[in-house]
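Structure at a glance
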Amino acid sequence: MKSLFGPVVESGGTLFRLYAPSAREPELILEGRAPIALERAADGFWTTFAAGVGEGQRYRFRSGGLEFSDLASRQQDGDTAGWSIVRRPLPPSPDRKPIRPWHEAIIAEVHVGTATREGTFAALGDRLEHFRDAGFTCLEIMPLNAFPGDRNWGYDGTLMFAPAAAYGAPEDLRNLVDHAHELGLNLILDVVYNHFGDTHNFARDYVPEWFSEEVETPWGPGINFENPMVRQFYYENAAMWLDEYDFDGLRFDSVHEMKTAGRDTFLRELAGTARSVKPQARLIIENMKNSFRWLERDPADNLPHHYWAQWNDDMHHVLTYLVTGEGRPTGYDDPQKDPYADLEKALADGFVHDPSEGDDSDGTTRGGKGALLPPDSFITYVQNHDQIGNRADASRISERISPEKVDFTHFVKFMAPQIPLCFMGDEANVASPFPFFFDLPEDIAREKEEDRYDQMRNMFGQDVEEGGLPDPNERSTFLSAKLAWDEYDRPERRAALDRFRQLARWRRERVWPLAATPCLAARTARQGNGLIVTWVFEAGQLSMALNPTDEAIEMDCCIASAPVSTGTAAIEGEVLRLGAWSAVSWSEPVRRA
């Protein structure tokens, strides 16, 4: 697509472009040179051609006494307050086809800065074989665009085009993606288009047209998606990650927080832009509104009209509540809820709370539009970075529940046809916490820390006293989040990793052949609090019987082939006895005449 943002290296010099309709006498600042006045161009842009300037030149802009990095900077010298660096686009990959089909995705969510001791693209590249050998087929990389300081979760960025200098150079990132593809791994990038971080957010001062002050998000004023140039900026960004860096897909953070009137136009055109660059780009949304229309598939080829899949918070909430008993953080402190009905519906239909069923939609209501979506429209997890980091103790679920319950959650994720996602380290039940961290000036950090206490108490339902949270600005907090690779040598971690590999193998052998064909229906039966779910595919049936309780149960159940299991299970004729936190799964391929 034609680029409107960022510098363009041409013969004899570089064309600089700044979008700032209301800027006052903006100037280009080149390191070691006198300022150059920008000239007003069309559609709110200012431009100038700097003769003799090429790749590697450090630059920034100035307007109204404020100096700032280029919002479309492709590389930074340091963090988001540093010099921007002129560079040409990376050559696109000649291969536009995905490494493997979507139904084969087994996702590890990974944070570059904490996945290795070095915290770099190159160091993560050296660890890719571990993830492949564990059974993962896809890595979802948390946001890696430039951020303030040297450490951050990634959701506070303001320069969307520049890979974080703390992780390495742009070429290092492209090498990481290329190496992943050599190993048969897909890479999906998490991008944040719903807000800018407020530190180093110079755009609010020199291009207020970017924001809608009437629309509030948890992070400040909303992005003004009614502005076509704002939309264009994000289209170009998505295209860059898919084209120049060859990511296989993108995950769009909290699209429900996009609240201006142009939101629907933006989401529709964003998906279209991504597919124009990479026709089968894996596009994932986080959307608490559970909107069917963004996930709808074309029945002729099972390809999405817009987005492939959604992180399924409904499944997370009910499954996490059942194994932990933690009501308030998951919304199950309401005694009127029936978590077993909700789990039954989540496994069969995806959405528990389906807006097409009305405001009272829950596990006891069925027949909504969500049930029309194929199972791989939903991504199942019991924890991701949010669920760990938004706890006062930042502890993983494997540190809070029994090994039997941990295996139960893994089994349900792997042997159901939805797409499983795990946070890095979950494959061996590694204990490394993942606390919230950043690297900010002290005065800003103290304000952010106070906000964090308010969030933990009022947003995440954590009863935390003053001093009860790790200081997010301390380097030691960041270091505590590093994945503890030495733990993998412990016998219990090796055993957990072996079990994870076994579950991944079972999924390859039993789920993938069926999930490669259309899902025609999902049927359920509840006996007490025991559940039986059968997914009917064109190639056969996949079934799971599960006991998500602390007591052993008996169920009437006809198992037609050799099952795999977690916990304890005994079959006598058509009676299935399941111990606490136990489940079995079996498949029945279609018999051809």
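Okay, so let's go over this structure.

What counts, and where the lines are drawn
- Residues numbered from 1 in each chain as written.
- Predicted model: local features only at pLDDT ≥ 70, side-chain atom pairs only at ≥ 80, totals over all residues.
- Heavy atoms only, no water.
- Helix = DSSP H or I, 4+ residues; strand = E, 2+ residues; numbered from the N terminus.
- Salt bridge = Lys/Arg side-chain N within 4 Å of Asp/Glu carboxyl O.
- Buried < 20%, exposed > 50% of the residue type's maximum accessible area, 1.4 Å probe, protein only.
- Pairing = 2+ DSSP bridges.
- Phe/Tyr/Trp six-rings, centres within 6.5 Å; stacked < 30°, edge-to-face > 60°.
- Lys NZ or Arg CZ within 6 Å of the ring centre and 35° of its normal.
- Axes fitted to C-alpha atoms, helices over the stretch in contact; angles between N-to-C directions.
- Contact = heavy atoms within 4.5 Å.

1. Some details on unusual backbone geometry
The backbone of N290 sits at a positive phi, close to 50 degrees, despite the residue not being glycine. The residue N290 is located in the loop between β19 (282-285) and β20 (309-311) in this model.

2. Focus: the pattern of salt bridges
Using the criterion set out here, one finds 42 salt bridges in the structure. With a closest N to O distance of 3.7 Å, R231 and E269 form a salt bridge. Taken as a pair, R231 in helix α5 (residues 228-243) and E269 in helix α6 (residues 263-277) lie far apart in primary sequence, 38 residues in all. Look at R231 and you get buried, because its relative accessible area is 14%. Residues joined in a network through salt bridges with shared partners are E140, D190, R251, D253 and E286.

3. Regarding the sheet that holds strand β6 (residues 45-51)
Pairing is antiparallel in the open sheet, where four strands are placed in the order β1-β2-β6-β5. A strand with exactly one partner marks an edge of an open sheet, and here the two such strands are β1 (8-10) and β5 (39-40). Relative to β6, strand β2 (residues 13-19) runs antiparallel, the two sharing seven bridges. Paired with L18 across the bridge in β6 is W46.

4. Some words on the packing of aromatic side chains
A complete count under the given rule lists 45 aromatic pairs for this structure. Here Y193 and Y234 contribute two aromatic rings whose centre-to-centre distance is 4.8 Å and whose plane-to-plane angle is 45 degrees, an arrangement assigned as tilted. In this pair, Y193 is assigned in the loop between β15 (186-191) and α4 (203-206) and Y234 in helix α5, connecting sequence segments 41 residues apart. There is no split in this pair, since Y193 and Y234 are both buried. With a centroid separation of 5.4 Å and 55 degrees between ring planes, the pair formed by W311 and Y381 is classed as tilted. Of this pair, W311 sits in strand β20 while Y381 sits in the loop between β21 (378-380) and α10 (385-389), placing them 70 residues apart in sequence. Assigned by exposure class, W311 and Y381 land together as buried. One residue, K337, lies across the ring of Y332, its end atom 4.8 Å from the ring centre. In this arrangement the basic side chain of R452 is found over the ring face of F436, its NZ or CZ atom lying 4.3 Å from the centre.

5. A look at the sheet that holds strand β24 (residues 530-537)
The five strands lie next to each other as β23-β24-β25-β30-β27, forming an open sheet whose pairing is antiparallel. Both outer strands of the open sheet, β23 (519-527) and β27 (564-566), are each paired with one neighbouring strand and no more. Taken over all neighbouring pairs, the strand axes of this sheet differ in orientation by 15 degrees on average, direction set aside. With eight bridges connecting them, strand β25 (residues 540-547) and strand β30 (residues 582-589) associate as antiparallel partners. Its bridge partner being in β30, A545 is matched across the sheet by V584. Here helix α9 (residues 339-349) sits on the sheet and contacts β23, β24 and β25; the angle it forms with β23, its principal contact strand, is near 165 degrees.

Function cannot be read off these values alone, since they describe shape.
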